[in-house]
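Listed below are the residues making up each chain.
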Amino acid sequence: MSDLQVRPGEHTSGRDAMHPGSSIIAPREVPLGGPRAMTVRRTLPARGRTMIGAWCFVDHYGPDDVAQTGGMVVPPHPHTALQTVSWLFSGRVEHRDSTGAHAVVVPGQLNLMTAGHGVSHSEVSTPDTTLLHGVQLWTALPFEHRDVPPSFQHHEPEPVELVGATLTVFLGSLAVADGPGATSPVTTYSPLLGAEVRLQPGAEVTLVLDPAFEHGVLLDRGELHVNGCPLERSHLLHEAPGPTTMTLTAGAEGADAIVLGGTPFGEEIVMWWNFIGRTHEDIVTAREQWQAELASAQDGRFGAVDYPGDSLPAPALPPVRLRPRA
């Protein structure tokens with residue numbers, strides 16, 4: 001193996017144009033939610049790549065015709081030691097959580113929920129949604145912040161118009177060569193970047209990178225080359241720390257992409273179902289507490305969500321000890 005790590009099923013055409021230490025992760029289809037699960041395309045976590053900075057979970061879905069798929073119906077479920085980042089391209093999703101937050105996720109606006117010690121929430125596409133399309137992302141909280149109180153933030157970032165492109169930064173800061181950048185005021189617990197880049201047909205944008213960050217580029221739509229390397233739809237390019245720029249070039253159809261980044265996390269985590277911990281025992285305890293709350297119908301660590309239906313029970317733990325992942 002060279003510095004260019006080849007992931008199972010990844011796209012490797014044009015890989016000689018990539019920087020050393022880069023790789024492309026192919027998506028896998030998985031169901032999301034309960035009995036009416038919708039299908040999403042997941043690139044993180046993947047075999048050989050658990051995180052990009054603190055980003056530990058990347059799902060891409062749609063565009064889905066809700067009349068055929070039923071849309072998103074995810075009953076109340078718990079989280080620990082993470083932040084959920086919801087970003088839509090089309091459609092609307094109603095969010096309710098145990099902090100009392102009730103919000104509607106709409107395209108171009110950020111909803112960020114911090115689980116910390118424990119939270120529960122539901123996600124349901126609204127009745128007026130006909131086409132559902134977006135990404136659902138998680139970031140892991142550092143050890144020292146893993147038990148912060150749960151909270152919810154909503155932010156409407158201002159798009160930045162560039163030559164042939166639009167940049168919308170929803171977390172962190174991002175600049176472009178020979179152009180303006182943007183910074184998000186949203187609270188995170190480690191250095192992070194999250195942005196949407198929309199390129200017109202044939203447009204090219206050079207992003208100015210923090211060399212201490214590792215980065216990821218997820219292609220949502222169209223044709224895109226990253227530093228000269230073609231990237232397929234729903235695939236995730238990982239760029240190791242070091243480079244100070246990244247050039248995105250759109251094809252004849254234009255392209256829409258999500259750019260993620262962060263300093264290497266530097267901690268091992270245990271991630272299972274909707275929980276993040278540091279040990280197998282952390283996960284066992286969180287699962288037991290969630291199941292106990294469901295059985296007793298009383299608020300506890302995860303609280304209650306104002307939702308017209310049952311919450312999701314936790315699946316059975318595997319018959320082996322859960323191992324931390326770097």
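A brief look at the structure comes next. (Residues numbered from 1 in each chain as written. Predicted model: local features only at pLDDT ≥ 70, side-chain atom pairs only at ≥ 80, totals over all residues. Heavy atoms only, no water.)

A short note on the sheet that holds strand β6 (residues 73-79)
Part 1 of the argument: One open sheet accounts for four strands, arranged β6-β11-β8-β9; its pairing is antiparallel. Two strands bound the open sheet, and with one partner strand each, they are β6 and β9 (102-105). Here the average twist between neighbouring strands, direction ignored, is 20°.
Part 2 of the argument: Where strand β8 (residues 93-97) meets strand β11 (residues 119-125), five bridges bridge the pair, whose relative direction is antiparallel. Looking at β11, one finds that His95 is bridged to Glu123. (Pairing = 2+ DSSP bridges. Helix = DSSP H or I, 4+ residues; strand = E, 2+ residues; numbered from the N terminus. Axes fitted to C-alpha atoms, helices over the stretch in contact; angles between N-to-C directions.)

Re the packing of aromatic side chains
Each aromatic ring pair is specified by the distance between its two centres and by the angle formed by the two planes.
Part 1 of the argument: Counted according to the given criterion, the structure contains seven aromatic pairs.
Part 2 of the argument: With centroids separated by 5.7 Å and ring planes inclined at 85°, the aromatic side chains of Trp290 and Phe302 adopt a geometry described as edge-to-face. In this pair, Trp290 is assigned in helix α2 (residues 280-296) and Phe302 in the segment after α2, connecting sequence segments twelve residues apart. Both residues of the pair, Trp290 and Phe302, count as buried.
Part 3 of the argument: One aromatic cluster is present, formed by Trp272, Trp273, Phe275, Trp290 and Phe302 through successive ring pairs. (Phe/Tyr/Trp six-rings, centres within 6.5 Å; stacked < 30°, edge-to-face > 60°. Buried < 20%, exposed > 50% of the residue type's maximum accessible area, 1.4 Å probe, protein only.)

Some remarks on the pairing of strand β12 (residues 131-140)
Part 1 of the argument: Within β12, nine of the ten residues are buried, leaving the element largely enclosed by the surrounding structure.
Part 2 of the argument: Where strand β5 (residues 55-65) lies against β12, eight bridges are found, and the strand directions are antiparallel. Within the sheet, the bridge partner assigned to Asp59 lies in β12 and is Gln136.

Here's the deal with the sheet that holds strand β4 (residues 38-44)
Part 1 of the argument: Taken in spatial order, the seven strands line up as β3-β4-β5-β12-β7-β10-β13 in an open sheet, and their pairing is antiparallel. Only two strands of the sheet have a single neighbouring strand rather than two, namely β3 (28-32) and β13 (151-155). Adjacent strand axes in the sheet meet at a mean angle of 25°, parallel and antiparallel pairs treated alike.
Part 2 of the argument: Alignment of β3 against β4, held across five bridges, turns out to be antiparallel. Note on β4: the bridge partner recorded for Arg28 is Arg42.

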